[in-house]
Amino acid sequence: MATQSEELRRRIVAEVNAGAPGAKLGSERDLAERYGTSRSSLRQVLAALEEAGLVHRVIGRSGGIFISHGQVERNLSDVVGVPAFLANQGYVAGTRVLSTKITTPDSVTQHALRLGADDFVVEIHRVRLADGSPISLENAQFPADMFPGLLEQQLGGSLYEILETRYGLVTGKADERIEAVNATTNEASLLGIKPKAALLLITRVTYDQDGTPYEFSRDLFRGDRTALAVTAQGRGITAHPDANTASVTLQRQAV
C-alpha cells in the first residue's frame, strides 16, 4: 500500500502530466488545500519533483509552482533498456503493452535481421512512461526461432533483461540511426502530444556477442522531453576515419 507521501506524489504527477509545460499548478497554499495535506508534507514532495525536473518554483507576487516537464537524457554510448536509464535519472519507469504478435517481416526487417521471406518475427509494440507520462513509443522485432516463448514472458520491463536471463543472450553492440520526424495523429494520441509535434526516431539493430543481429526496433521519443548524449573519442585531424564511428548524414530535400 502506498504511503501518504507517495499517494500525494502520484496525484501531483497526474496533474502535471495532464497539464502543459509552463502552466501554473498554484501556490503552496493552494496545493495544500487542494490535496488536503500539510504544507510541510507538500514541500517534501515538491522538492523531489523539482529535483526530477517535473516542476519549478517561481518566487514573487505572480509566482507559484509551475509545470516543467524535464527532459529525459538518452545516452547513445550505452545499450541499455528504457527502465534502466529512466531509473538512473530518478524517474519511475512504466510500460503499456499495446500489441504483440508473431508475423512475417517486411523487406527492411529481413535485411536488418538477416532473415528469409519464410521466417517469422516476434513483434512487440509498447508505450514507455516516465513518472506516468508517455515518453516514447517502441516497436521491436526479434527472430521468432531465436526466442521461443518470448510472448509468454512479462513484457512490462526490460526486454534485454529477459533475453539475457532466459535465453543467455549478451548484447555485443547496437547500430542506431536518429532522425527528426513529425508525429502522426495516432502517435500523437498515444504520446499525449499534438499531431505533427517533433519526435526523435531511433532505428536500431542490436547484435549479440557473436555479431548476430537479434533486434530491429523503431523507437519514437518525444522531442520536447528527450535530450541525446554521447561520448566521442578524439583521434586528431590527421587520423583516418573509422567506418564504425558515429557520423552525420544530410538527407536531400525533396523539391
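Our structure's up above, just so we're on the same page.
Residues numbered from 1 in each chain as written. Predicted model: local features only at pLDDT ≥ 70, side-chain atom pairs only at ≥ 80, totals over all residues. Heavy atoms only, no water.

**Re the packing of aromatic side chains**
Inclusion rule: Each Phe, Tyr or Trp ring, with Trp reduced to its six-membered ring, pairs with another whose centre is within 6.5 Å; inter-plane angles below 30 degrees give stacked pairs, above 60 give edge-to-face pairs, and intermediate values give tilted ones. Put simply, DSSP H or I for four residues or longer makes a helix, DSSP E for two residues or longer makes a strand, and each gets a number counted from the N terminus. Relative accessibility under 20% of the residue-type maximum defines a buried residue, over 50% an exposed one, and the middle range a partly exposed one, all with a 1.4 Å probe and only protein chains included. The criterion for a charge sitting over a ring is simple: Lys NZ or Arg CZ within 6 Å of the ring centre, and within 35 degrees of the ring normal.
Enumeration according to the criterion identifies three aromatic pairs in this entry. With 5.2 Å between their ring centres and 80 degrees between their planes, Phe147 and Tyr167 make a pair best called edge-to-face. Placement of Phe147 in the loop between strand 7 (133–143) and helix 6 (159–167) and of Tyr167 in helix 6 is noted, with a sequence separation of 20 residues between them. Summarising the aromatic geometry, the rings of Phe147 and Tyr214 are spaced 6.3 Å apart at their centres and angled 75 degrees between planes, so their arrangement reads as edge-to-face. In this pair, Phe147 sits in the loop between strand 7 and helix 6 while Tyr214 sits in strand 10 (residues 213–222), placing the two residues 67 residues apart along the sequence. Assessed through its relative accessible area of 2%, Phe147 is described here as buried. Take Tyr214: its relative accessible area is 0%, and that puts it in the buried class. One aromatic cluster is present, built from ring pairs that chain together Phe142, Phe147, Tyr167 and Tyr214. Over the ring of Tyr167 we find Arg166; its NZ or CZ atom is 5.7 Å from the centre of that ring.

**So, the sheet that holds strand 1 (residues 24–26)**
Definition in use: At least two bridges found by DSSP between two strands are what make those strands a pair. Structural elements are reduced to axes, namely lines fitted to C-alpha atoms, with helices fitted over the stretch in contact, and the angle between N-to-C directions of any two is expressed from 0 to 180 degrees.
The strand order 1-3-2 describes an open sheet built from three strands, whose pairing is antiparallel. Of all strands in the sheet, those with a lone pairing partner are strand 1 and strand 2 (55–58), marking the two edges. On average, adjacent strands in this sheet sit at an angle of 35 degrees to one another, irrespective of strand direction. Pairing geometry for strand 2 and strand 3 (residues 64–67), over four bridges, is antiparallel. Bridge pairing in strand 3 places His56 opposite Phe66.

**A closer look at the side chain of Arg222**
Formally: For the purposes of these results, a polar contact is taken to be a pair of N or O atoms within 3.5 Å, where, inside protein, one atom must be able to donate a hydrogen and its partner to accept one; residues adjacent in sequence count only when each atom of the pair is a side-chain atom. Residue contacts are counted whenever heavy atoms from the two residues lie within 4.5 Å of one another.
Along the polypeptide, Arg222 turns up in strand 10. Judged by relative accessible area, which is 6%, Arg222 ranks as buried. A polar atom in the side chain of Arg222 sits 3.4 Å from the backbone oxygen of Leu191. For Arg222, the contacting residues outside a window of four places in its chain are Ser133, Pro134, Ile135, Leu191, Ile193, Ala198 and Leu199.

**Regarding unusual backbone geometry**
Phi at Arg114 takes a positive value of approximately 60 degrees, unusual for a residue other than glycine. Here Arg114 shows up in the loop between helix 5 (107–113) and strand 6 (121–130). Its identity as a non-glycine residue notwithstanding, Lys196 has a phi of 75 degrees, on the positive side.

**Here we look at the pairing of strand 9 (residues 198–208)**
A large share of strand 9 lies buried, amounting to 10 of its 11 residues. In this structure, strand 8 (residues 171–182) lies alongside strand 9, joined through 11 bridges in antiparallel fashion. Residue pairing in the sheet places Val181 in a bridge with Leu199 of strand 9. As paired strands, strand 9 and strand 10 are joined by nine bridges and run antiparallel to one another. Within strand 10, the position partnered with Arg204 by the bridge is Ser217. Hairpin connection of strand 9 to strand 10: four residues between the antiparallel strands, including Gly211 at a positive phi of 85 degrees.

**Examining helix 6**
As a reminder, the rule being used: Read the arc as the range of directions from the helix axis to the C-beta atoms.
Of the residues making up helix 6, those classed as buried are Leu159, Tyr160, Ile162 and Leu163. Take helix 6 and look down its axis: the buried residues cluster within an arc of 160 degrees, on one side only. In this structure, helix 6 carries Glu161 and Thr165 as exposed residues pointing more than 90 degrees from its buried face. Of the surrounding elements, those touching the buried residues of helix 6 are strand 6, strand 7, strand 9 and strand 10. Of the residues flanking the start of helix 6, the one acting as N-cap is Ser158, its side-chain oxygen 3.4 Å from the backbone nitrogen of Tyr160. A positive backbone phi angle near 70 degrees is found at Gly168, which sits one or two residues after helix 6.

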